[in-house]
Amino acid sequence: MEIKVVVGGSTLNVISAYTPQTGLDDEAKRHFYEALDEVVRGISPTEKLFIGRDFNGHIGSSVGDYGEVHGGFGFGDRNEGGTSLLYFARAFELVIMNSMFLKREEHLAGKEG
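In this text the structure is predicted, and so the values were computed from the model without any measurement.

Caption draft 1: Looking closely at the pattern of salt bridges. The full count for this structure, using the stated rule, is 5 salt bridges. Across the salt bridge formed by Glu-47 and Lys-4, the nearest N and O atoms sit 3.0 Å from each other. Taken together, the residues Glu-47 in the loop between helix H1 (26–41) and strand S3 (48–54) and Lys-4 in strand S1 (residues 2–7) connect sequence positions 43 residues apart. The class of Lys-4 is partly exposed, set by a relative accessible area of 48%. Asp-37 is the partner of Arg-41 in a salt bridge, and the nearest nitrogen-oxygen pair spans 2.8 Å. A residue pair is termed a helical-turn pair when its members lie 3 or 4 positions apart in one helix, as Arg-41 and Asp-37 do in helix H1 at 4 residues.

Printed below as a string of structure tokens:
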């Protein structure tokens, strides 16, 4: 789903995305990223973009080769879905925001708080 909001002189595009589950085949995941790629390419570079929701991937705690999109505050190990998300973010010069801020221990996934 995409919503375009114009406030003042700025246009903000908000995309809600839900990546196929880890257990689905590669074809379903490829189709998702192709569709998202098409939507993002249709947005003017002069407009702002926010993509939110669940990408069903773990980017892990290691920045690795993705320092321009990964802030280093992830957790656990990177999986294939996380690598796909990092690659997509890099391709469109996006930043994964929840990896930019240190989270309290009780706010990490799998922690009771």
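Caption draft 2: Highlighting unusual backbone geometry. You will see that Glu-93, though not glycine, has its phi angle at about 55 degrees, which is positive. Here Glu-93 shows up in the segment after helix H2 (80–91). Of the residues examined, Glu-93 reaches a relative accessible area of 73% and is grouped as exposed.

Caption draft 3: Spotlight on the side chain of Asn-13. Mapped onto the fold, Asn-13 is located in strand S2 (residues 10–18). What Asn-13 contacts, discounting residues up to four positions off in sequence, is Glu-2, Ile-3, Lys-4, Ile-43, Glu-47, Lys-48, Leu-49 and Phe-50.

Caption draft 4: The arrangement of the packing of H1 against H2 in detail. Where H1 meets H2, the axes come as close as 12 Å, and the angle between the chain directions of the two elements is 20 degrees. Classified by the angle their axes make, H1 and H2 are roughly parallel. Both H1 and H2 take part in a crossing whose hand is right-handed. Here Asp-26, Tyr-33, Leu-36, Asp-37 and Val-40 of H1 lie close against H2, whose contacting residues are Glu-80, Gly-81, Ser-84, Leu-85 and Phe-88. Of the residues belonging to the contact of H1 with H2, the class tally is 5 nonpolar, 2 polar and 3 charged.

So, how was this worked out
Residues numbered from 1 in each chain as written. Predicted model: local features only at pLDDT ≥ 70, side-chain atom pairs only at ≥ 80, totals over all residues. Heavy atoms only, no water. Salt bridge = Lys/Arg side-chain N within 4 Å of Asp/Glu carboxyl O. Helix = DSSP H or I, 4+ residues; strand = E, 2+ residues; numbered from the N terminus. Buried < 20%, exposed > 50% of the residue type's maximum accessible area, 1.4 Å probe, protein only. Contact = heavy atoms within 4.5 Å. Axes fitted to C-alpha atoms, helices over the stretch in contact; angles between N-to-C directions. Parallel < 35°, antiparallel > 145°, perpendicular 65-115°, else oblique. Left-handed = near helix turned anticlockwise from the far one by under 90°. Nonpolar A, V, L, I, M, F, W, Y, C, P; charged D, E, K, R; others polar.

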